[in-house]
There are 2 protein chains.
Amino acid sequence: MDMPYLLDILGNENRRNILTLLSYRPCYVTEISEELGVAPKAIIDHLKILESAGLVVSYHDEQGRKYYEIADNLRIEVSISPLMFDVSVSRVEVRSEEQKTIRERYAATSGALNALKYMSDELQRLNRSAMELRETQNSLQAMISEVTGMCVELINQLAADQIEAEILYLLIRGPASYEELADKLNIPEDEMKGELARLLKKGIVTYRKGLWSIK
Amino acid sequence: MDMPYLLDILGNENRRNILTLLSYRPCYVTEISEELGVAPKAIIDHLKILESAGLVVSYHDEQGRKYYEIADNLRIEVSISPLMFDVSVSRVEVRSEEQKTIRERYAATSGALNALKYMSDELQRLNRSAMELRETQNSLQAMISEVTGMCVELINQLAADQIEAEILYLLIRGPASYEELADKLNIPEDEMKGELARLLKKGIVTYRKGLWSIK
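Cut-offs and rules
Residues numbered from 1 in each chain as written. Chains lettered and ligands numbered in written order. Predicted model: local features only at pLDDT ≥ 70, side-chain atom pairs only at ≥ 80, totals over all residues. Heavy atoms only, no water. Salt bridge = Lys/Arg side-chain N within 4 Å of Asp/Glu carboxyl O. Buried < 20%, exposed > 50% of the residue type's maximum accessible area, 1.4 Å probe, protein only. Helix = DSSP H or I, 4+ residues; strand = E, 2+ residues; numbered from the N terminus. UniProt positions renumbered as here; feature names shortened; annotations may be inferred. Phe/Tyr/Trp six-rings, centres within 6.5 Å; stacked < 30°, edge-to-face > 60°.

## A closer look at the pattern of salt bridges
Two side chains with opposite charge may pair up if their charged atoms get near one another. Residues and elements named next belong to chain A. For the structure shown, the criterion picks out 35 salt bridges over all chains. Here E31 makes a salt bridge to R25, at a shortest N to O gap of 3.1 Å. Taking relative accessible area as the criterion, R25 reaches 18% and is therefore assigned buried. With its nearest N and O atoms 3.5 Å apart, the salt bridge here joins D161 to R198. Of this pair, D161 sits in the loop between α6 (112-158) and α7 (162-171) while R198 sits in helix α9 (residues 189-201), and the two are 37 residues apart along the sequence.

Okay, structure coming up:
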């Protein structure tokens, strides 16, 4: 899954509106075009883009009419803080034992109406949990931003120059090999070795089993 | 914070690259331009867009050089499932007691190097928690998608037509007033009242304190 490309695709209001429509029910082109007040030609182009990214799929109903629906279970998270810009895309899959539990409860309720009431309560419970979890993630990001800020203050005191600062800035997130560091900072590996040797001598970093870290 | 507009802004590779650079350190235009191999004019335009959205701010250093940095603490979450397309934007704020705790621990460590080691460990612990939380949210989204799918199957059995189905589809997420339902489905309020009266008569929905819900 090409992560930045997904953000390009979602960075278009018409495509987002198409996805919103398809989240209610599968639709055909004319329906989407009328609902959104956008020419069918443009809708077809957007659907092609969404389809090639694997976000929607099409199928034909018994009358041979072509319907589109959302294909995939994905989650995209973007964290933006003064010292952080992080985009993560994860594919979402139901674990089979959880699926089994839901299916069993579903089968155990008698009558479509009872089952709908039960499943609707379950859905609202799950949505509340998701909302609580989001709160927790927000405060975690706030803490990460705060602690990163303190680290940067300290790095500015400890580092002799910009390159040292950037190396330390990477190492506070976890141990790394000199190849990784050279690659991330776009510096020749030899030069990176020299930089790390200097930081080692000053007692700021340490080296163990091929990985460098804050001492 | 205009949420869809934020996705438009992030749907551009150059703007994402600028944010990535600024997440390492504040930068000035020429620096960004050289690092990304993009003309200064284009960088200035992108920065204007990022600035007007409140994502970056600028300041002048002692030499009068204009620097840009990421301004805000935001989280954007996009959930995409066959029956779900949800975009949420939250502003992230450190709660003051948490901030106090971190600041106290920070003050209690002696020497910049000790403090950096301590804060770096703390950062890695927080990042691990964030990753675990992301896993939990993924499986929650998978469950929500699964349960929504079951609800839709049941709604297809229970609803007499498309409008009934769409009303029930909204009500499984929680109680709603007829005004809300009419607004969301773009149906005149009078017509919505009639639809709800029919669903009430069939014993599928119930009405209490101004709100309709699944019976």
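We are not done yet, so read on.
## Topic: the UniProt feature "coiled-coil region" (unreviewed entry) in chain A
As recorded in UniProt, the sites labelled "coiled-coil region" (unreviewed entry) are residues 116-143 of chain A. End C-alpha atoms of residues 116-143 of chain A are separated by 41 Å, and the span's content is 100% helix alongside 0% strand.

## Considerations on the packing of aromatic side chains
All names here are of chain A. One pass over the full model with this rule turns up eight aromatic pairs over all chains. The interplanar angle of 90 degrees and the centroid separation of 5.5 Å between the aromatic rings of Y28 and Y67 together place this pair among those described as edge-to-face. Of this pair, Y28 sits in the loop between α2 (13-24) and α3 (29-36) while Y67 is found in strand β2 (residues 66-70), placing the two residues 39 residues apart along the sequence. For the residue pair Y28 and Y67, the accessibility class agrees, reading buried in each case.

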